Amino acid sequence: MLAMGVGSFAIGTGEFVIMGLLPEVATDLGVSIPQAGHVISAYALGVVVGAPVLAVAAASWGRRALLVALMLVFALGNFASALAPGYLSMNLLRFMTGLPHGTYFGVAALVAASLARPGQRARAVGWVMTGLTLATLLGVPLAAWLGQHFGWRTAFVLVGGIALLAAGLIRREVPAMAASVGSSPLRELNALRNKQVWLTLGIGAIGFGGLFAVFSYVKPTMIEVAGLPLSGVPVVLALFGLGMVVGNVLGSRLADRALMPTVGGVLVWSIVVLVAFVFTAQHVVAGAITIFLIGTIAAIGPALQIRLMDVAGEAQVLAAALNHSAFNIANALGAWLGGVAISAGLGWTSTGWVGALLALAGLGVFGWAVVDARTHPSLGHKGPVKVV
């Protein structure tokens, strides 16, 4: 669990650190801050594309070998990103770096769930995801500090080094596990025939976008609107990370008790805290507290991961990987729509309204999924499947 958690720590740091360095990246590459936000979207697009492609292509791989290979590709992508000469190359390299992200988390979640005690699958997945949430608490502020003092490129060198460490730990500590009997690309693709899989992915792709609409522009928002000094940015990023840790722990425990109510409850909570950000962002302390609360929206992650495992039948690898495609569609969608609102002159705090509307739309998809599951109960819950 620790070895896989270090891998998720590396990925989480690499994914989120750019959001704390957008002004530096924009200045160095000669573009505006909203344009620099496209680098975030490029990485997210890489996750969206890479998760299904790699999950299907590597369906028959041993779990440990696949995790090591994915982590090595991620390390290479970050080292290359540190050497990007311009805006176009940076976008292309971030796209490449995002390719292994979803499949890594999907396979790691399956391994964790297969080793969990009965009734504790979400908690086991939460342990793996803890690396991701700790990245926002420790890795991102550290990398942001390095980027501000030694140049943003050093942040990606740090991420690449952590990824290499993770690859070594996984190779040494994770048991050798074969793919499930009969695994094949065709069997994995069967997951795409289930409406509940698509609805669950839709909840994450739309409803989780609100978090990214705000967080993608949290640094310039807090500096320009609240008057936060530059030295305070790592503190705000750490508060967001602490919120993610708290949300991940509480969300995984709640999901083991009541799965779908947890999903719906987190979406309602998202609307509340994202609207609150619009009114608290003018004040340093109130805005920082709200950023912490926005981080707790991560509570939806373990719940959606388990829901996908339940409805995907035997197509476990693809479904688990697609969960992170959905989250990164949310990443790209939130960052893009937040940038559109800012560029349209609606102000930095308009990202809170954008986020709340995305959470509300996600709640609508959730309602659709609940109604459909009641209408077609055989598709709404297939129960746990032995995957390793």
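Structure's up top.
As a convention, each chain's residues are numbered from 1 in the sequence order in which they are written. Totals for whole chains, interfaces and linings use every residue, but because this is a predicted model, local features are given only for residues with pLDDT of at least 70 and side-chain atom pairs only at 80 or more, for both listing and counting. Side-chain metrics in this entry use all non-hydrogen atoms of the structure; hydrogen atoms and water are not considered.

(A) Up close: the overall build of the protein chain. A count of helices and strands for the protein chain gives 19 helices and 0 strands. For the protein chain, the C-alpha radius of gyration of 19 Å lies close to 21 Å, the compact-globule estimate for 388 residues. Projected onto its principal axes, the C-alpha coordinates of the protein chain cover approximately 55 × 45 × 30 Å. Sequence-distant contacts, at least 24 apart, represent 85% of the contacts inside the protein chain between residues at least 6 apart. Residue-level accessible areas treat just the shown protein chains as cover; the underlying method is Shrake-Rupley with a 1.4 Å probe. Counting only carbon and sulfur atoms, one obtains 73% of the accessible surface of the protein chain, whose full area is about 14000 Å². Counted as positive: Lys and Arg. Counted as negative: Asp and Glu. His and the chain ends are not counted at all. Here the site of a charge means NZ on Lys, CZ on Arg, CG on Asp, or CD on Glu. If the 19 positive side-chain charges of the protein chain are averaged to one point and the 10 negative ones to another, these points end up 9 Å apart. Numbering of helices and strands runs from the N terminus, with a helix taken as a DSSP run of H or I at least four residues long and a strand as a DSSP run of E at least two residues long. For a compact globule the rule gives 2.2 Å times the number of residues to the power 0.38, and the radius of gyration it is set against comes from C-alpha atoms. In this analysis, two residues are considered to be in contact whenever any of their non-hydrogen atoms come within 4.5 Å of each other.

(B) Main features of the packing of helix α10 (residues 195–207) against helix α17 (residues 316–343). Helix axes are fitted to C-alpha atoms over the stretch in contact, other axes to C-alpha atoms as well, and angles between N-to-C directions run from 0 to 180 degrees. For the pair α10 and α17, the least separation of the axes is 7 Å and the interaxial angle reads 30°. Comparing their axes, α17 and α10 come out roughly parallel. Crossing of α10 over α17 shows right-handed handedness. Along its contact with α10, which presents Leu201, Gly204 and Ala205, the element α17 presents Leu322, Asn323, Ala326, Phe327, Ile329, Ala330 and Leu333. Here the nonpolar group is Ala, Val, Leu, Ile, Met, Phe, Trp, Tyr, Cys and Pro; Asp, Glu, Lys and Arg are the charged ones; every other residue, Gly included, is treated as polar. In terms of residue class, the contact of α10 with α17 is made up of 8 nonpolar, 2 polar and no charged. Between 65 and 115 degrees an angle is taken as roughly perpendicular, under 35 as roughly parallel, over 145 as roughly antiparallel, and anywhere else as oblique. Here a crossing is taken to be left-handed if its near helix is turned anticlockwise relative to the far helix by less than a right angle, and right-handed if that turn runs clockwise.

(C) A look at helix α16 (residues 300–311). Helix span, as expected, comes to 1.5 Å for every residue beyond the first. Across its 12 residues, α16 extends 17 Å between first and last C-alpha, which sits within 8% of the 16 Å expected from 1.5 Å per residue. Looking one or two residues beyond α16, the residue adopting positive phi is glycine 313, at roughly 65°.

(D) Representation of the pattern of salt bridges in the model. Salt bridges are identified by distance alone: a Lys or Arg side-chain nitrogen within 4 Å of an Asp or Glu carboxyl oxygen. On inspection of all chains with the given rule, the structure shows 4 salt bridges. For glutamate 173, the salt bridge is made with arginine 172, and the minimal N-O distance between the two is 2.9 Å.

(E) Fine view of the packing of helix α14 (residues 259–280) against helix α15 (residues 284–295). Orientation of α14 relative to α15, taken along the N-to-C sense of each, is 160°, at an axis distance of 9 Å. Judged on the interaxial angle alone, α15 and α14 are roughly antiparallel. Remark: the crossing between α14 and α15 carries left-handed chirality. On α15, the residues touching Trp269, Val273, Leu274, Ala276, Phe277 and Thr280 of α14 are Ala286, Gly287, Thr290, Ile291, Leu293 and Ile294. Classifying every residue of the contact of α14 with α15 gives 9 nonpolar, 3 polar and no charged.

Read these as spatial facts, not as claims about activity.
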